[in-house]
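As a plain string of letters, each chain reads:
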Amino acid sequence: MKIQHLEIQNFQALRHVDLSIPTPLAMIGGDNEAGKSSLCEAIRLALTGEQTRVALKKEMGEMVTDGATKGHIFVDVDGAGVSVSLPDGKAHGNAPENPFLPFVLQPSRFASTTTDERRTLLFKLTKVAASSASVLERMKARGCAESLASGVLPMLRSGFPAAHDYAAGQAKDCKSAWRGVTGEAWGEKKAPGWSAAKPEFDLAALTAINGEIAELDERIGGHQQSLGALREKASAFQAYQAQAAQREKQAAQLPALRNKLAVDEKQLAEWQAKVEDLTARAGTGPRQGLVHDLARAVDYLLGFTAADASKTADDLAAEAALASYEAQYGKLGGQGDPDAAAELAKAIQARDLMQRAVNNDRRDIAAGEAAASGTDAAAVEVVEPSDLQAAEQALQQLKEKRAALSKRHHDLLTAQRASEQADKKTAEAAKHHADAIEWLKIAAALAPDGIPGELLADALRPVNALLAELSELAGWATVRIDPDMTIRAGGRMYRMQSASAQWRADTILALAIAELSGLRCVLLDAFDILNMAGRVEVIDLLDVLAESGRIDTAILLGTLKAPPSAPTDAYTAFWLQDGALGDTVLQQKAA
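Residues numbered from 1 in each chain as written. Predicted model: local features only at pLDDT ≥ 70, side-chain atom pairs only at ≥ 80, totals over all residues. Heavy atoms only, no water.

J.: Mind laying out helix H7 (residues 160-182), listing which residues take part and the relevant values?
T.: Taking 1.5 Å of rise per residue, 23 residues should cover 33 Å, and H7 covers 33 Å from first to last C-alpha, within 8% of that figure. Taken together, the buried positions of H7 are Phe160, Ala163, Ala167, Ala171, Cys174, Trp178, Val181 and Thr182. Close packing links the buried residues of H7 with helix H5 (132-141), helix H6 (146-152), helix H13 (385-446) and helix H14 (451-474). In the stretch just after H7, Gly183 is the one whose phi turns positive, near 75°. (Helix = DSSP H or I, 4+ residues; strand = E, 2+ residues; numbered from the N terminus. Expected span 1.5 Å × (residues − 1). Buried < 20%, exposed > 50% of the residue type's maximum accessible area, 1.4 Å probe, protein only. Contact = heavy atoms within 4.5 Å.)

J.: Summarise the side chain of Ser500; cite the residues concerned and give the values.
T.: With respect to the helices, strands and loops of the structure, Ser500 is situated in helix H15 (residues 499-517). A polar contact is formed between the side chain of Ser500 and the side chain of Ser498, at a distance of 3.3 Å. When sequence neighbours within four positions are dropped, the list of residues in contact with Ser500 reads Ile529 and Leu530. (Polar contact = N/O pair within 3.5 Å; in protein donor to acceptor, adjacent residues only side chain to side chain.)

J.: Explain helix H11 (residues 313-329) to me, using residue names and the numbers behind them.
T.: Relative to the 24 Å expected for 17 residues at 1.5 Å per residue, H11 spans 24 Å between its end C-alpha atoms, a close match to the ideal helical length. Burial in H11 covers these residues: Asp315, Leu322, Tyr325 and Tyr329. In a view along the axis of H11, the buried residues occupy a sector of 85°, so they form one face of it. Exposed residues pointing more than 90 degrees away from the buried face of H11 are listed as Ala313 and Ala327. On its buried face, H11 sits against helix H10 (290-302) and helix H12 (338-373). Trailing H11 by a residue or two, Gly330 shows a phi angle of about 95°, which is positive. (Arc of directions from axis to C-beta.)

J.: An account of the sheet that holds strand S7 (residues 479-481) is needed here, citing residue identities and associated values.
T.: Read across the open sheet, the three strands follow the order S7-S8-S9; overall the sheet is antiparallel. Each edge of the open sheet carries a strand with a single partner, namely S7 and strand S9 (492-493). Examined bridge by bridge, S7 and strand S8 (residues 487-489) share three bridges and lie antiparallel to one another. Following the sheet pairing, Arg480 is matched in S8 by Arg488. (Pairing = 2+ DSSP bridges.)

Right, here's the structure in full:
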């Protein structure tokens, strides 16, 4: 990537700079606050859109030079112009799209990234990519279960860290499941041999007790039927005993009942004779009273009835009632003894009363004679309370034995279920443990020091080789990147180095990124941090790279006391003063 022309107006410390870079290398010097850092920021803003001075785009106006209202940045890259207008911050043109551009325009940036960011950057830089198939083969080689490993491959689209976190999360879930089964914290040494406490269980005893219960249930059923029949007999016997006293009482009343019957029959005969006598004496004499009035009314009404062939049932009933009357009292209109006729009704009432008394006497005598004859004792089985109590006790004993067997049966079933549950828990725990181990293997394989480490080693090999070459060309301490992404220079960690040593390491890293990415462009600010020997070394290093075509553009900036001269034909030298390009633009051997 060649930066061929820069024009910057009213940007921070720069009021107006318009310079062309005809050579691969440019050295820009100037005093403090001459605008060197502003020039670097202008290039980064135009090519990457990044700026560090303000937080919000609406604050871009703060980057316009004091006293001005508008600013402008123009950068010609490979013949294509990219510009940014201020204060609106609008960009025009097509800036190069390259993820490594920020790292060559700001060399210290690589060292400031996180470990994961460096690792991702190096994978992209070296184009070391791992297909799902190759990662799966690597995991299988590490003993990972293919069925589980295959399930994590889609996560690789989001990168190894995401896939590793997924596998680690699965392992954690398996450990939690193991703990849920066992009630204990999972341990890699404890879990393999864990088994649930298993109570003793006698299957033969359970089988035997099932037979005993079945036999006992059959006996209990027979006893219950026998007891039911015995209770019915006891009830019949109790009823027989309860009725015996009543029967004896009725039998004892027979003589009195027979005497009463004889008296009542005698009185009935007397009243019957008296009724006959009164009836005979009453004859057909005048009838007085309601019965006679009704009889006359019936006779009167019958006078209106039709011939016999057409008589109704009511007519016939009325004739029958009238005939009964005449049989008792004589013909209507007859003459007789009126006193006898008047006494006859009372005599009939007394006769009927005695008839009922006789009937009742006969009924009571029949009941007494039946009681005296009694029920055949042989037909009623004698059941004593002790017999019933003995049968109930025998049934109760069987039930108690059944209850004891049921409890023992329940205990055996509980032990059986507990034994089976213990086996199940042991199997479940073993399954969760096995899954946890498999997921831990996968997580370890996907961890930074696992397969990514292997791939990273492939990526680091050319990077460290190039870093070593560049360090040797410069005569500086060898810069290298460890597998854990630690940056070292001369074996010492980057963060333990001095500021000048860090600047040299940043430069070597930026040059390596520029070459591997194909950008072949670097922006090196503040090279004055180096002593005179170090400055010569960086100037010579860039010259060698430019001569060999390994760098297209390198802009070297630093605070100098006087305008510099171009060190070699590959350099063009510029001087910044008070925010503008100085009158002297030096190119070595221009003449």
